[in-house]
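# A closer look at the structure
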Amino acid sequence: MFDYNEFSKELKELEEKGLLVRIRTLQSPQGAWLTIDGKKVLNLCSNNYLGLAFNEELKKAAIEAIEKWGVGPGAVRTIAGTLEIHELLEKELAEFKKVEATLVLQSGFNANQAVIPAITTAEDAILSDELNHASIIDGVRLSKAKRYVWKHRDAEDLEEKLKQAKAEGSRRLLVITDGVFSMDGDLAPLPEIVEKCEKYDALLMVDDAHGEGVLGSHGRGIVDHFDLHGRVDIEVGTLSKAFGVVGGFVAGKKDLIDYLKQKARPFLFSSSLSPAETGAALAAVRMLKASDELVKKLWDNASYFKTEMQKLGFDTGHSETPITPVMLYDAKLSSQFSKKLFEEGIFAQSIGYPTVPKGKARIRVMISAVHTKEDLDFALGKFKKVGKELGVI
Ligand SMILES: *Cc1c(COP(=O)(O)O)cnc(C)c1O
């Protein structure tokens, strides 16, 4: 018989190191405040940047889509599962992103699995930033291409690796970077990366999961933020964060999207988004197109919170986005900090290895447009209290 102690022993070890993830169950919908364990707590860890996860217009759109299209797509997209509403979302999303075409997938995670192995073979090379998201790493693992990892945000090191890949006879070069690095909130130096890619005829792919709905005009993402329209070949995005729903997408040239429809395995072998998700995502795109009010509010909130935390003496890393890491470095301290915050009515999870490197544990605060000034002041007061109790400030 299989010995399940193999699992429980490892779980115990994780717990001892402060690395066991405690999964909290929400008893209320997403929003600025949540109910957890029967307790009302301020939510500082969702990716619900714009508060769209419980937005009335999106809920209405989801219900209407269910009434019109039902609850499931019935088949994979290539056989009988492409509904008009899927294509409408792809068309409007492309207009919003200012690209020729988009392909919507089940998640951002799947979007990476869809693109990377589909466009690279054993003769090619993939060049990846060392801190790229797990879904990129897994996508790269599905490809037979040679791998080169360049130093985080270091365009000069990328150039070295591009030279090396060329010298070693690689045919196609695919450069991949996160747009916003989700644990630190720093940005890829996209203008420099674009230059290097153009110099070496490399394809450039940006996974902008935390930039969609956050960066650029109306939340169009990092490519818009740096005004690089037409110079980034592939944008991968998610509908699960700022868009408030669930799903992922690939944005780029029509030829690329047509090619992926023939080759991308999560598109070919897994059913698509349900009508409710598709309808809600379409409503989110339309809302963002119509107004940038929520995006502006998000940035105002984030800059207020970050500045005040720094004034209190906290180390908030080098974030350039609403993601605010509160650096504690020690996994046990970080987990204790999070527990105490919870007792004080603040829900802010501790993040440790392997989500971040060893010795880089932190509380990652996610600011949202739905937080009020009073909410943020409440959080600042509690951070100050716990920070003093634990000798952090
Ligand atoms: C969150 C995230 C994903 C995954 O998106 P889902 O839609 O939740 O699957 C992919 N890439 C990056 C960089 C992310 O931050």
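Rules and cut-offs
- Residues numbered from 1 in each chain as written.
- Predicted model: local features only at pLDDT ≥ 70, side-chain atom pairs only at ≥ 80, totals over all residues.
- Heavy atoms only, no water.
- Helix = DSSP H or I, 4+ residues; strand = E, 2+ residues; numbered from the N terminus.
- Rg over C-alpha atoms; globule rule 2.2 N^0.38 Å.
- Buried < 20%, exposed > 50% of the residue type's maximum accessible area, 1.4 Å probe, protein only.
- Contact = heavy atoms within 4.5 Å.
- Areas by Shrake-Rupley, 256 points an atom, 1.4 Å probe, with all protein chains shown as cover.
- UniProt positions renumbered as here; feature names shortened; annotations may be inferred.
- Domains from an automatic or database assignment.
- Buried area = accessible area lost by both parts, 1.4 Å probe.
- Salt bridge = Lys/Arg side-chain N within 4 Å of Asp/Glu carboxyl O.
- Polar contact = N/O pair within 3.5 Å; in protein donor to acceptor, adjacent residues only side chain to side chain.
- Nonpolar A, V, L, I, M, F, W, Y, C, P; charged D, E, K, R; others polar.
- Core = buried A, V, L, I, M, F, W, Y, C linked by side-chain atoms within 4.5 Å.
- Near = heavy atom within 4 Å.

## Here we look at the overall build of the protein
For the protein, the helix and strand inventory stands at 15 helices and 13 strands. Its C-alpha atoms give the protein a radius of gyration of 21 Å, within 12% of the compact-globule value 21 Å for 393 residues. The principal-axis extent of the C-alpha atoms belonging to the protein is close to 60 × 55 × 55 Å. Split into buried and exposed, the 393 residues of the protein put 54% on the buried side. Relative to all contacts within the protein whose residues are 6 or more apart in sequence, the contacts with residues 24 or more apart total 70%. Carbon together with sulfur atoms contributes 52% to the accessible area of the protein, which is approximately 18000 Å² in total.

## Focus: the UniProt feature "domain: Aminotransferase class I/classII large" (unreviewed entry) in the protein
With numbering matched to this structure, UniProt assigns "domain: Aminotransferase class I/classII large" (unreviewed entry) to residues 39-381. Secondary structure across residues 39-381 comprises 43% helix and 17% strand; the distance between its end C-alpha atoms is 19 Å.

## Looking at the domain arrangement of the protein
By domain assignment, the protein separates into domain 1 (22-49 + 292-390) and domain 2 (56-290). Taking only C-alpha atoms, the centre of domain 1 and the centre of domain 2 are 27 Å apart. Across the contact, 21 residues belong to domain 1 and 20 residues belong to domain 2. For the pairing of domain 1 and domain 2, the buried interface totals around 1600 Å² over both sides, and the portion due to carbon and sulfur atoms is 62%. Summed over the shared surface of domain 1 and domain 2, the result is two salt bridges. A salt bridge links E320 to R153; its shortest N-O distance comes to 3.6 Å. At the junction of domain 1 and domain 2, the tally comes to eight residue pairs in polar contact (both at pLDDT 80 or more). Those elements that provide at least two residues to the side of domain 1 that touches domain 2 are α13 (293-312), β10 (323-329) and β13 (361-366). Per-element accounting of the side of domain 1 that touches domain 2 gives the leading share, four residues, to α13. Among the residues forming the side of domain 1 that touches domain 2, the class breakdown is 11 nonpolar, six polar and four charged.

## Structural notes on the side chain of S338
Within the element layout of this structure, S338 appears in helix α14 (residues 331-343). Here S338 falls in the buried class, since its relative accessible area comes to 10%. In this structure, S338 is in contact with A348, Q349, S350 and I363, ignoring residues within four places of it in sequence.

## Some remarks on the environment of G352
Mapped onto the elements, G352 comes out in the loop between β12 (350-351) and β13. Relative accessible area serves as the criterion here: at 17%, G352 is assigned to the buried category. Between the C-alpha atoms of G352 and L20, which are 332 residues apart in sequence, the distance is 9.0 Å.

## A short note on the nonpolar core
Judged by nonpolar contacts, the single largest core of 61 residues is most densely connected at L50, V175, L190 and L204. Element by element, the count of residues in this core is highest for helix α12 (residues 275-290), at nine residues. Each of domain 1 (22-49 + 292-390) and domain 2 (56-290) contributes no fewer than three residues to this core. The residues touching V175, leaving out its near neighbours within four places in the chain, are L127, W150, L158, L162, I193, C197, A202, L203, L204 and M205. In this structure, M205, I234, L256 and L260 belong to the second largest nonpolar core, which totals 25 residues.

## Some points on the UniProt feature "modified residue: N6-(pyridoxal phosphate)lysine" (unreviewed entry) in the protein
Per the UniProt record, "modified residue: N6-(pyridoxal phosphate)lysine" (unreviewed entry) is annotated on K241. For K241, the location among the structural elements is in the loop between β8 (234-238) and β9 (248-252).

## Some details on the site of the ligand
Around the ligand there are 14 residues in total, and G108, D207, T238, S240 and K241 lie nearest to it. In this structure, H133 approaches the ligand through a side-chain N or O atom, which is 3.4 Å from a nitrogen atom. In isolation the ligand offers 380 Å² of accessible surface; the protein chains occlude 85% of this area. Grouping the constituent residues of the shell around the ligand by class yields two nonpolar, nine polar and three charged.

## Describing the pattern of salt bridges
Opposite charge on two side chains lets them pair, provided their charged atoms get close. Under the counting rule described, the total for this entry stands at 27 salt bridges. K97 serves as the salt-bridge partner of E212, at 2.9 Å between the closest nitrogen and oxygen. One end of the pair, E212, is in the loop between β7 (203-207) and α9 (222-225); the other, K97, is in helix α4 (residues 84-97), and 115 residues separate them in sequence. Here E212 and K97 have matching classes, each one buried. Ionic pairing is found between K340 and E389, a salt bridge with its closest N-O pair at 3.3 Å.

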